[in-house]
Amino acid sequence: MPDPISCDRHGSNTGTYVCRHVAAAKRDGPVDGFDAFIDEEGNWQAMCGACGDTMIGFKGDDEARDAFAGEVGRLICLDCFREAAAINGVEIP
Ligand SMILES: [Zn+2]
Ligand SMILES: [Zn+2]
C-alpha cells in the first residue's frame, strides 16, 4: 500500500496520482477523456485523455516519460480523487 499523505481537507489518507488537469477538476470541471485505473502497486491513478496520449507517445523513452509525469503529476488523497472522479462521471469504489 502507498504511504498515507496529509490532505488539508481529509487529513491523513491514501495517496493517489493524477495529472494536474484531473486535480483541477473541482475548479475547472470535467476533463476530456478521463481515465482512472489501478497501477501495478495497487494505487489509484487518473489522467485526462491528452496526458494519457502523451504518456503513450513516450513508449520506450522512460526518461522523457518520467520528466513529463513529474511536470504534470499531482499527488492527491483518495477522497479528493473520488470527488474528481465523480465530477468526471466515474464512481470509485
Ligand atoms: Zn492531464
Ligand atoms: Zn483530500
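### Thoughts on the overall build of the protein chain
Turning to step 1, where the next piece is worked out: Broken down by element type, the protein chain carries five helices and five strands.
Turning to step 2, where the next piece is worked out: Across the protein chain, helices and strands are ordered from the amino to the carboxyl terminus as β-β-α-α-β-β-α-α-β-α.
Turning to step 3, where the next piece is worked out: For 93 residues, the compact-globule formula gives about 12 Å, and the C-alpha radius of gyration of the protein chain, at 13 Å, lands near that figure.
Turning to step 4, where the next piece is worked out: C-alpha atoms of the protein chain, sized along the principal axes, occupy 35 × 30 × 20 Å.

### With respect to the pairing of strand S1 (residues 4-7)
Turning to step 1, where the next piece is worked out: The pairing of S1 with strand S2 (residues 11-19) spans four bridges and is classified as antiparallel. Across the sheet, the residue bridging to Pro4 is Thr14, located in S2.
Turning to step 2, where the next piece is worked out: Connecting S1 to the next strand, S2, in antiparallel fashion are three residues.

### Structural notes on the environment of Ala46
Turning to step 1, where the next piece is worked out: Here Ala46 shows up in strand S4 (residues 44-47).
Turning to step 2, where the next piece is worked out: Judged by C-beta crowding, with 26 C-beta atoms within 10 Å, Ala46 ranks as buried.
Turning to step 3, where the next piece is worked out: In the structure, Ala46 is positioned 12 residues away from Phe34 in sequence and 7.0 Å away in space, judged by C-alpha atoms.
Turning to step 4, where the next piece is worked out: Setting aside its immediate chain neighbours within four residues, Ala46 contacts Val18, Val22, Phe34, Asp35, Ala36, Phe81, Ala84 and Ala85.

### So, the nonpolar core
One recurring pattern in soluble globular proteins is that nonpolar side chains are buried together.
Turning to step 1, where the next piece is worked out: If you look at the biggest cluster of nonpolar residues, it comprises 19 residues, and the most contacted ones within it are Val18, Val22, Ala46, Met47, Cys48, Phe81 and Ala84.
Turning to step 2, where the next piece is worked out: Mapped onto this core, the elements with two or more residues apiece are S2, helix H1 (20-23), S4, strand S5 (73-77) and helix H5 (78-87).
Turning to step 3, where the next piece is worked out: Those residues in contact with Ala84, other than ones at most four positions away along the chain, are Val18, Val22, Ala23, Ala25, Lys26 and Ala46.

### What about the confidence of the model for the protein chain?
The predicted structure's coordinates, where accompanied by low pLDDT, should not be read in detail.
Turning to step 1, where the next piece is worked out: Averaged over every residue, the pLDDT of the protein chain is 95; the share at 70 or more is 98%.
Turning to step 2, where the next piece is worked out: The least confident element of the protein chain, judged by mean pLDDT, is S1 at 94; the most confident is H1 at 98.

What counts and what doesn't
Residues numbered from 1 in each chain as written. Chains lettered and ligands numbered in written order. Predicted model: local features only at pLDDT ≥ 70, side-chain atom pairs only at ≥ 80, totals over all residues. Helix = DSSP H or I, 4+ residues; strand = E, 2+ residues; numbered from the N terminus. Rg over C-alpha atoms; globule rule 2.2 N^0.38 Å. Pairing = 2+ DSSP bridges. Buried ≥ 20, exposed ≤ 12 C-beta atoms within 10 Å, placed from the backbone. Contact = placed C-beta atoms within 7 Å. Core = buried A, V, L, I, M, F, W, Y, C linked by C-beta atoms within 7 Å. pLDDT = per-residue confidence, 0-100.

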